[in-house]
Amino acid sequence: MSILIIEAFYGGSHKQLVDLLQEELENCVVYTLPAKKWHWRARTSALYFSQNIPISEHYRILFASSVLNLTELIALRPDLGKLKKILYFHENQLVYPVKKCQERDFQYGYNQILSCLVADVVVFNSVFNMQSFLTSIGRFMKLIPDHRPKDLESIIRPKCQVIYFPIRFPDVSRFMPKHKMAHLQKMLSLRGDSSAASSMALPLPPEQGSSENMLDNVESQSGPCDAAQPENLGSSLMKESYLKMRDSLDNSSSHPGEKKQNPNDISSGADDQQRPLHIVWPHRWEHDKDPESFFKVLMHLKDLGLDFHVSVLGETFTDVPDIFSESKKALGSSVLHWGYLTSKDDYFHVLCLADVVISTAKHEFFGVAMLEAVYCGCYPLCPKDLVYPEIFPAEYLYSTPEQLSKRLQNFCKRPDIIRKHLYKEAPGSEFMTQWDP
C-alpha cells in the first residue's frame, strides 16, 4: 500500500486512468467517490476522504486528480502532507466553459490553484491544458477585489509536466468490417507484432523531452512495460507517456444506449458507395460539447436530402439538454444508436462500424473518445482549436460549422472515399505510439 490513489469523481476518463494504474501498479490502494454531482465532490470530498482513509505508515506517494481540494485534505490530514503528492489535471476550471460568465464559481479554479501550491508534482494531460491553466492564473486572480497574491504562475510552473493520457484498447478485430482491416493492420504494426489487443499513448510533447523525470529523487523500479520498438515512429517515445506515469508512481450518470437498427444488417450486402455514411458523436451529453452545433449540421444535411446514419453515444448526467430529444425525433430513421452503451464491447463495435467521428466541443483538454474512434478506423473531424491541433494533423480540423457541414456533404456523396482512407500521421511528429503491458 505504498501508493495512495484518490479519485473524487470516479467516472469517465478519471475512472479509466485509476483502473489502469490500479491494474498495472503493485502496492497501491484506491479510494473513490461516484461520478455524481461534480460540484459537490469538488467542494466536500476532502473532508470525506480525511475521515475514511485510514492512517498508515506505509504510504509513500499520494496521487489525486484536481477535482480533489488537496489543500484541504492535507490540512485535515497532516500525515498525508508528508507524502510525495502528485496532482493530475484531466481538465482545469480556469478556462472551463460556462453558459454565462456570472455562473463561473470562483472557488473551483481557486481550489485548483491552491492544490497546485501544496502538490510536489503537477501533471497535465496535454500542453493545451497546462498552458491554458498557467497563463490564466494572473487574469483569474484579478477577480479578487484587493490584496491579491502575486507570482503564482512562476511558483507553480516549475512543478508542471505534460504526460498524455494512456489509452487501453480491447481486441477490436472481431468488430472490424472488411474495408477497415488495412487500418487495423496499420495500428497493430505500431506494436511490432500481430496481436489484436493493444494499448496506446501519445508521445511526450517535444518541449517536455528534456525535462527531468518528475520523480528524480525517488528510487527507480523496473516494470512490465517493455516492448519491441517500431522503426518508423520514434522508438524512444514508444511508451514514454505511460511509462513516465507508471514510474512516477512506482518510484516515489447514465442509461443504456437505445439501438435503433442493426448496423451489421446495414453494412452487409451493400458496397462502400451504396451504404450511407455513418456518423458517430461519442461525447458527454452536456453543453460544453456543443450538441446544438452538431445537430444543426445534421439537420442541414437532411434538408439537402443527403443520406446518412448517425450514432449518438456518450454519458448522460442529471440534466440532459432538450436538443437531444428534439433531434432524435427530427432525425427519425437516420438514427442507428441513441444513448450511452454500458457494454464496452457494444461501444467499440459501433465505433468500428462508423465512418466519421465528429467533435463540436467548446472544451476539450484531451479527448479520449475521439482517439478511441480513430483507433477503430473512423475519420476524425475536430475544431481547429483547444487541444485538437496538438493531436490531429490539419487535414482533420475545421474552423467553422460551415466548413464541417461542407466536409460532411462531400462525405455523404462519396462515402467510399472515407472508407478507403488510412489515418495520416502529423507531419514531423508521431501521432500514436503504443506501450505493451
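Predicted model, so just to flag it, every value in this text is computed and none were measured. Throughout this document, residue positions are counted from 1 along each chain, in the order its sequence is written. Only residues with pLDDT of at least 70 get local features here, since the model is predicted, and only at 80 or more are side-chain atom pairs given and counted; chain-wide, interface and lining totals rely on the full set of residues. No hydrogens and no water enter the side-chain calculation; it runs on all heavy atoms of the structure.

## Notes on the overall build of the chain
Each helix is a run of DSSP H or I of at least 4 residues and each strand a run of E of at least 2, with the numbering of both proceeding from the N terminus. In terms of helices and strands, the chain carries 18 helices and 15 strands. Buried residues in the chain amount to 55% of all 437 residues. The method behind every accessible area is Shrake-Rupley, applied with a 1.4 Å probe, and residues are considered shielded solely by the protein chains displayed. For the chain, the computed accessible surface area is about 18,900 Å², with 50% contributed by carbon and sulfur atoms. When accessible area is computed with a 1.4 Å probe and restricted to protein chains, residues below 20% of their type maximum are described as buried, those above 50% as exposed, and intermediate ones as partly exposed.

## Considering the packing of helix H12 (residues 291–303) against helix H13 (residues 323–331)
Between H12 and H13, the shortest axis-to-axis distance is 11 Å and the interhelical angle comes to 15°. When the axes of H12 and H13 are compared, the pair comes out roughly parallel. Crossing handedness for the pair H12 and H13: left-handed. In contact with Pro291, Glu292, Phe295, Leu298, Met299 and Lys302 of H12, H13 contributes Ile323, Phe324, Ser327, Ala330 and Leu331. For helices, the fitted line uses only the C-alpha atoms of the stretch in contact; every axis is such a line through C-alpha atoms, and the angle between N-to-C directions lies from 0 to 180 degrees. The scheme is simple: roughly parallel for angles under 35 degrees, roughly antiparallel for over 145, roughly perpendicular for 65 to 115, oblique for anything else. If you view the pair so one helix is near and one far, a crossing is left-handed when the near helix is turned anticlockwise from the far one by less than a right angle, and right-handed when it is turned clockwise. When checking whether two residues touch, look at their non-hydrogen atoms; a contact exists if any pair is within 4.5 Å.

## Things to note about the packing of aromatic side chains
The pairing test for Phe, Tyr and Trp rings, Trp by its six-membered ring, is centres within 6.5 Å, and the orientation test on the planes gives stacked under 30 degrees, edge-to-face over 60, and tilted for anything in between. The tally for this structure, following the rule as stated, stands at 23 aromatic pairs. For the pair Tyr388 and Phe392, a centre-to-centre distance of 6.1 Å together with 45° between the ring planes defines the contact as tilted. Residue classification places Phe392 among the buried residues on the basis of a relative accessible area of 3%. In textbook terms, an aromatic cluster arises when at least three aromatic residues are bridged by ring pairs, as seen for Trp281, Trp285, Phe294, Phe295, Phe324 and Trp338.

## Observations concerning the packing of helix H14 (residues 344–353) against helix H15 (residues 368–375)
Viewed as axis vectors pointing N to C, H14 and H15 meet at an angle of 65°, and their least axial separation amounts to 8 Å. Of the two possible hands of crossing, H14 and H15 adopt the one that is right-handed. Residues Lys344, Tyr347, Phe348 and Leu351 of H14 pack against Ala369, Glu372 and Ala373 of H15. Split into classes, the residues belonging to the contact of H14 with H15 amount to five nonpolar, no polar and two charged. Each residue is assigned to one of three groups, with Ala, Val, Leu, Ile, Met, Phe, Trp, Tyr, Cys and Pro labelled nonpolar, Asp, Glu, Lys and Arg labelled charged, and all others, Gly among them, labelled polar.

## Looking at the pattern of salt bridges
What counts as a salt bridge is simple: a side-chain nitrogen of Lys or Arg found within 4 Å of a carboxyl oxygen of Asp or Glu. Taken as a whole and judged by the stated rule, the model has 14 salt bridges. A salt bridge links Asp19 to Lys15, with the shortest nitrogen-to-oxygen separation between them at 2.7 Å. Here Asp19 pairs with Lys15, and both are found in helix H1 (residues 12–24), just four residues apart, close to one helical turn. The partly exposed category is assigned to Lys15, whose relative accessible area is 32%. For the salt bridge of Asp120 with Lys85, the shortest nitrogen-to-oxygen distance reads 3.3 Å.

## Examining the pairing of strand E11 (residues 308–312)
A large share of E11 lies buried, amounting to five of its five residues. Here E11 shows a buried face lined by Phe308, Val310 and Val312 and a second buried face lined by His309 and Ser311. Think of it this way: DSSP has to see at least two bridges between two strands before they count as a pair. As defined by bridge partners, strand E10 (residues 277–281) adjoins E11 across five bridges and the pair is classed as parallel. In the strand pairing of E11, Ile279 is matched with Val310. Crossovers are described as right-handed under a simple rule: with the strands pointing away from the observer, the path leading from the first strand over the helix to the second runs clockwise. In the classification by handedness, the crossover that spans E10, the intervening H12 and the parallel E11 is right-handed. Once you follow E11 into H13 and on to strand E12 (residues 335–338), the crossover reads as right-handed.

## What about the nonpolar core?
Counting residues in hydrophobic clusters, the biggest one holds 126 residues, and the most contacted among them are Phe392 and Leu408. Element by element, the count of residues in this core is highest for H15, at seven residues. Setting aside chain neighbours within four positions, we find Leu408 in contact with Leu277, Ile279, Val297, Leu301, Val356, Ile358 and Leu381. Among the buried residues, those of types Ala, Val, Leu, Ile, Met, Phe, Trp, Tyr and Cys that are joined through side-chain atoms within 4.5 Å form a nonpolar core.

## Some details on empty space enclosed by the protein
Here the second largest cavity defines a volume of roughly 50 Å³. Cavities and pockets are defined on a 1 Å grid built over the protein atoms alone: a cavity is a set of grid points where a 1.4 Å probe fits but cannot escape, while a pocket is an open set with protein on both sides within 12 Å along at least five of seven lines, and lining residues are those with an atom within 4 Å of any such point. In this structure, the second largest cavity is lined by Trp38, Ala42, Ser66, Val67, Gln93, Tyr108, Asn111 and Gln112. At the level of elements, helix H2 (38–52) and helix H5 (106–118) are the ones that each hand at least two residues to the lining of the second largest cavity. With three residues, the single largest contributor to the lining of the second largest cavity is H5. Grid points are joined across faces, edges and corners, and a volume is the space filled by probe spheres set on the points.

## Notes on the confidence of the model for the chain
Mean pLDDT over the chain works out to 82, with 75% of the residues at or above the 70 mark. Here residues 252–256 is a poorly scored stretch, pLDDT under 50, and it has 20 contacts once near neighbours within four places are set aside; other chains count. Confidence of the predictor in every single residue is expressed as pLDDT, which spans 0 to 100. Within the model, pLDDT remains below 50 along residues 263–269, and this stretch shows 10 contacts once partners closer than five positions in the same chain are excluded.

## Quick word on the sheet that holds strand E3 (residues 61–65)
With parallel pairing, the six strands of this open sheet are ordered in space as E2-E1-E3-E4-E5-E6. Taken across any chain shown, the strands that pair with only one partner, and hence form the sheet edges, are strand E2 (28–34) and strand E6 (160–162). Going across the sheet, the axis of each strand differs from the next one's by a mean of 20°, ignoring polarity. Sheet topology places strand E1 (residues 3–10) next to E2; six bridges connect them, and they run parallel. Pairing of Tyr10 across the sheet is with Pro34, part of E2. Of the strands in this sheet, E1, E2, E3 and strand E4 (84–89) are in contact with H1, which crosses E1 at around 160°. Along the sheet, H2 contacts E1 and E2; its crossing angle with E2, the most-contacted strand, is approximately 140°.

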